[in-house]
Amino acid sequence: MRTVNINLREITTEIILIGLEGEQNSSQIVFDVAEILSVYPDATVGLTVKPPQGEIYPKAVEKVGNTVVWTISSSDCAIPGDGEYQLTFNDGESIVKTFRGY
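Scoring rules and cut-offs
Residues numbered from 1 in each chain as written. Predicted model: local features only at pLDDT ≥ 70, side-chain atom pairs only at ≥ 80, totals over all residues. Heavy atoms only, no water. Patch = residues over 30% accessible without salt bridge, like charges linked within 9 Å, V, L, I, M, F, W, Y side chains within 5 Å. Areas by Shrake-Rupley, 256 points an atom, 1.4 Å probe, with all protein chains shown as cover. Salt bridge = Lys/Arg side-chain N within 4 Å of Asp/Glu carboxyl O. Buried < 20%, exposed > 50% of the residue type's maximum accessible area, 1.4 Å probe, protein only. Phe/Tyr/Trp six-rings, centres within 6.5 Å; stacked < 30°, edge-to-face > 60°. Helix = DSSP H or I, 4+ residues; strand = E, 2+ residues; numbered from the N terminus. Pairing = 2+ DSSP bridges. Axes fitted to C-alpha atoms, helices over the stretch in contact; angles between N-to-C directions. Contact = heavy atoms within 4.5 Å.

Undergrad: Please explain a nonpolar patch on the surface as it appears in this structure.
TA: A contiguous nonpolar surface patch, about 370 Å² in accessible area, is contributed by Ile15, Leu17 and Tyr102. Classification of tyrosine 102 as partly exposed rests on a relative accessible area of 42%.

Undergrad: What's the story with the packing of aromatic side chains in this structure? I'm lost.
TA: How two aromatic rings sit relative to each other is given by the distance of their centres and the angle of their planes. Counted under the stated rule, the structure contains 3 aromatic pairs. Here the aromatic rings of phenylalanine 31 and tyrosine 85 are separated by 5.7 Å at their centres, their planes lie at 45°, and the arrangement is tilted. Highlighted residues: phenylalanine 31 in strand S2 (residues 27-32) and tyrosine 85 in strand S7 (residues 84-91), separated in sequence by 54 residues. Consider the rings of tryptophan 70 and tyrosine 85, whose centres lie 5.7 Å apart with planes at 55°: the pair is tilted. One end of the pair, tryptophan 70, is in strand S6 (residues 67-71); the other, tyrosine 85, is in strand S7, with 15 residues separating them in the sequence. Ring pairs connect the aromatic residues Phe31, Trp70 and Tyr85, which therefore count as one cluster.

Undergrad: Just to check I follow, could you spell out the pattern of salt bridges for this structure?
TA: Pairing between side chains becomes possible if they bear opposite charge and their charged atoms approach one another. Inspection of the entire model under this criterion finds 2 salt bridges. Among the ionic pairs, glutamate 35 bridges to arginine 9, the shortest N-O distance being 3.0 Å. Taken together, the residues span a long stretch of sequence, with glutamate 35 in helix H1 (residues 34-39) and arginine 9 in the loop between strand S1 (2-7) and S2 at a distance of 26 residues. The exposure class of glutamate 35 is partly exposed, given its relative accessible area of 40%. Linking aspartate 76 and lysine 59 is a salt bridge whose minimum nitrogen-to-oxygen distance equals 3.1 Å. On the criterion of sequence distance, the pair formed by aspartate 76 in the loop between S6 and S7 and lysine 59 in strand S4 (residues 57-59) is long-range, its members being 17 residues apart. Residues aspartate 76 and lysine 59 agree in their burial class; the two are buried.

Undergrad: How do you make sense of the sheet that holds S7 when you look at a structure like this?
TA: Strand pairing within a sheet occurs via backbone hydrogen bonds; the two strands may be parallel or antiparallel. With antiparallel pairing, 4 strands are arranged side by side in an open sheet as S4-S3-S7-S8. Each edge of the open sheet is held by one strand with a lone partner, namely S4 and strand S8 (94-101). Adjacent strand axes in the sheet meet at a mean angle of 30°, parallel and antiparallel pairs treated alike. Across 7 bridges, the pairing between strand S3 (residues 44-50) and S7 is antiparallel. Across the sheet, the residue bridging to threonine 48 is glutamine 86, located in S7.

Undergrad: Got a minute to help me understand the environment of proline 51 in this structure?
TA: Mapping proline 51 onto the fold places it in the loop between S3 and S4. With a relative accessible area of 16%, proline 51 lands in the buried category. Considering only alpha carbons, one finds proline 51 and serine 26, 25 residues apart in sequence, at a separation of 18 Å. For proline 51, the contacting residues outside a window of four places in its chain are Ile56, Tyr57 and Gly83.

This is the structure we're talking about:
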């Protein structure tokens, strides 16, 4: 499996190539979120994906220690082109930080 490691500070400056049409569970994006968790240790994280065409959808991620792992599925690569994603950190009812990437 291909793994792409990215620090939260790099999200807005690094374009992530998530895969090619038809690929399934062959890549993972691993976000280092230690900076956020040091301030908000109980924060939960959500990921939404905006494909090149179609509606924005929520995507399940796995929090592993100080990382958040996004396993790329075939639906994430179904439409060729440039999309966007957004990581949102919540502490209780409050949104404490949001990061948008491409």
